[in-house]
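Breakdown of the fold
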Amino acid sequence: MPSAGLCSCWGGRVLPLLLAYVCYLLLGATIFQLLERQAEAQSRDQFQLEKLRFLEDYTCLDQWAMEQFVQVIMEAWVKGVNPKGNSTNPSNWDFGSSFFFAGTVITTIGYGNLAPSTEAGQVFCVFYALLGIPLNVIFLNHLGTGLRAHLATIERWEDQPRRSQVLQVLGLALFLTLGTLVILIFPPMVFSHVEGWSFSEGFYFAFITLSTTGFRDYVVGTDPSKHYISVYRSLAAIWILLGVAWLALILPLGPLLLHRCCQLWLFSLRQGCGAKEAPGRRPRGGSTAARGVQVTPQDFPISKKGLGS
């Protein structure tokens, strides 16, 4: 019955997956709490201490005026205005920054450091995302379809010579290596040099960005004390689009490459064991000739007359 099939599907597949999903979330929440809560408390205490020191140095200000000033800074930060520097800071809505923002919208990254503040901009952003996000998904799906068509020969793995299989594995490994260098190694080095980050911070930004997480803690081109080239954020947006597409391409390749490497390794082990046993091994069941010839009574047609004589 349909209800019985639904219950068996829920108990056999969905329920274990749901339990694993919830356990993974609980594990992540526990580890993040252990790692970050103490640092957050220290930062909060340090901030309160700095406010008290500021009020002690400038006795003309009271607590209320200080809180009002902090509120103004927070509102400016929410609207994408960096409180550091002065009014000569580059605009957040020049073409390069707008192109960067459009890329984060359709890829669903959403750093949160920049958002439209006008009603018209918010309405346009809604409709732009409604059309842009499906367009981005279709684009990535077509890239994946093209890759699967190009790698269709890998699916017919067993029908190819062993040398061809090795070359295919090496080609896939080379593709993954070069892609990793171009997408995940070189860009963090550039970002680290331009933004003044460490390489680990640049790599963290690259991975969080391309995984479409976007925490807002690291965003390129937002330091008012630095002078960026005009196309810096546009180039970063192009890198994001290419990087997201590259990740969509390689996600199916990782398990496939691992499976093929295991197959080659097992085949080499079997060949090695066979080569060691071949010289001193005696075939079971007699010689090859004896195993290849089967004697039946029909091979010797003896008549009853011949037997009687």
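Small disclaimer: the values here were computed from a predicted structure and weren't measured.

1. Some points on the side chain of E195
Structurally, E195 is set in helix α6 (residues 162-195). Buried E195, no salt bridge; nearest opposite-charge side chain is K226, N-O distance 6.2 Å. With sequence-adjacent residues up to four places away left out, E195 is seen in contact with V220, G221, K226, Y228 and Y232.

2. Things to note about the packing of helix α7 (residues 199-210) against helix α8 (residues 232-250)
Running from amino to carboxyl end, α7 crosses α8 at an angle of 70 degrees, the nearest separation of the two axes being 9 Å. One element, α7, and the other, α8, form an angle in the roughly perpendicular class. Of the two possible hands of crossing, α7 and α8 adopt the one that is right-handed. Contact with α7, carried on its side by F205, A206, T209 and L210, involves W239, I240, G243, V244 and L247 of α8 and no other residues of that element.

3. Notes on the pattern of salt bridges
Overall, the coordinates contain three salt bridges when judged by the stated rule. Across the pair E40 and R44 runs a salt bridge, and its minimum N-O distance is 3.0 Å. Taken together, the residues span about one helical turn, with E40 and R44 both in helix α1 (residues 2-57) at a distance of four residues. Owing to a relative accessible area of 45%, R44 belongs among the partly exposed residues under this scheme. The closest approach of N and O atoms between K51 and E67, which form a salt bridge, is 2.8 Å. Of this pair, K51 sits in helix α1 while E67 sits in helix α2 (residues 63-78), placing them 16 residues apart in sequence. For K51, a relative accessible area of 8% puts it in the buried group.

4. Points about α7
Its twelve residues place the ends of α7 16 Å apart at the C-alpha level, agreeing with the 16 Å of an ideal helix rising 1.5 Å per residue. Regarding α7, the residues found buried are G202, F205, A206, I208, T209 and L210. At the exit of α7 stands T212, carrying a positive phi of roughly 60 degrees.

5. Regarding the confidence of the model for the protein chain
With 72% of its residues at a pLDDT of at least 70, the protein chain reaches an overall mean of 76. Taken element by element, the protein chain is modelled with least confidence in helix α10 (residues 288-292), mean pLDDT 41, and with most confidence in α7, mean pLDDT 91. A low-confidence stretch, residues 283-309 (pLDDT under 50), is modelled with seven contacts involving residues beyond four sequence positions or located in other chains.

6. Overview of the packing of helix α3 (residues 95-106) against α8
Where α3 contacts α8, the two axes come as close as 7 Å, and the packing angle between them is 20 degrees. One finds that α3 runs roughly parallel with respect to α8. Handedness of the crossing formed by α3 with α8: left-handed. For the pair formed by α3 and α8, the contact residues are G96, S97, F99, F100 and I106 on the first element and R233, S234, A236, A237, I238, I240 and L241 on the second. Grouping the amino acids of the contact of α3 with α8 by side-chain chemistry returns eight nonpolar, three polar and one charged.

Cut-offs and rules
Residues numbered from 1 in each chain as written. Predicted model: local features only at pLDDT ≥ 70, side-chain atom pairs only at ≥ 80, totals over all residues. Heavy atoms only, no water. Helix = DSSP H or I, 4+ residues; strand = E, 2+ residues; numbered from the N terminus. Buried < 20%, exposed > 50% of the residue type's maximum accessible area, 1.4 Å probe, protein only. Lys, Arg positive; Asp, Glu negative; His and termini not counted. Salt bridge = Lys/Arg side-chain N within 4 Å of Asp/Glu carboxyl O. Contact = heavy atoms within 4.5 Å. Axes fitted to C-alpha atoms, helices over the stretch in contact; angles between N-to-C directions. Parallel < 35°, antiparallel > 145°, perpendicular 65-115°, else oblique. Left-handed = near helix turned anticlockwise from the far one by under 90°. Expected span 1.5 Å × (residues − 1). pLDDT = per-residue confidence, 0-100. Nonpolar A, V, L, I, M, F, W, Y, C, P; charged D, E, K, R; others polar.

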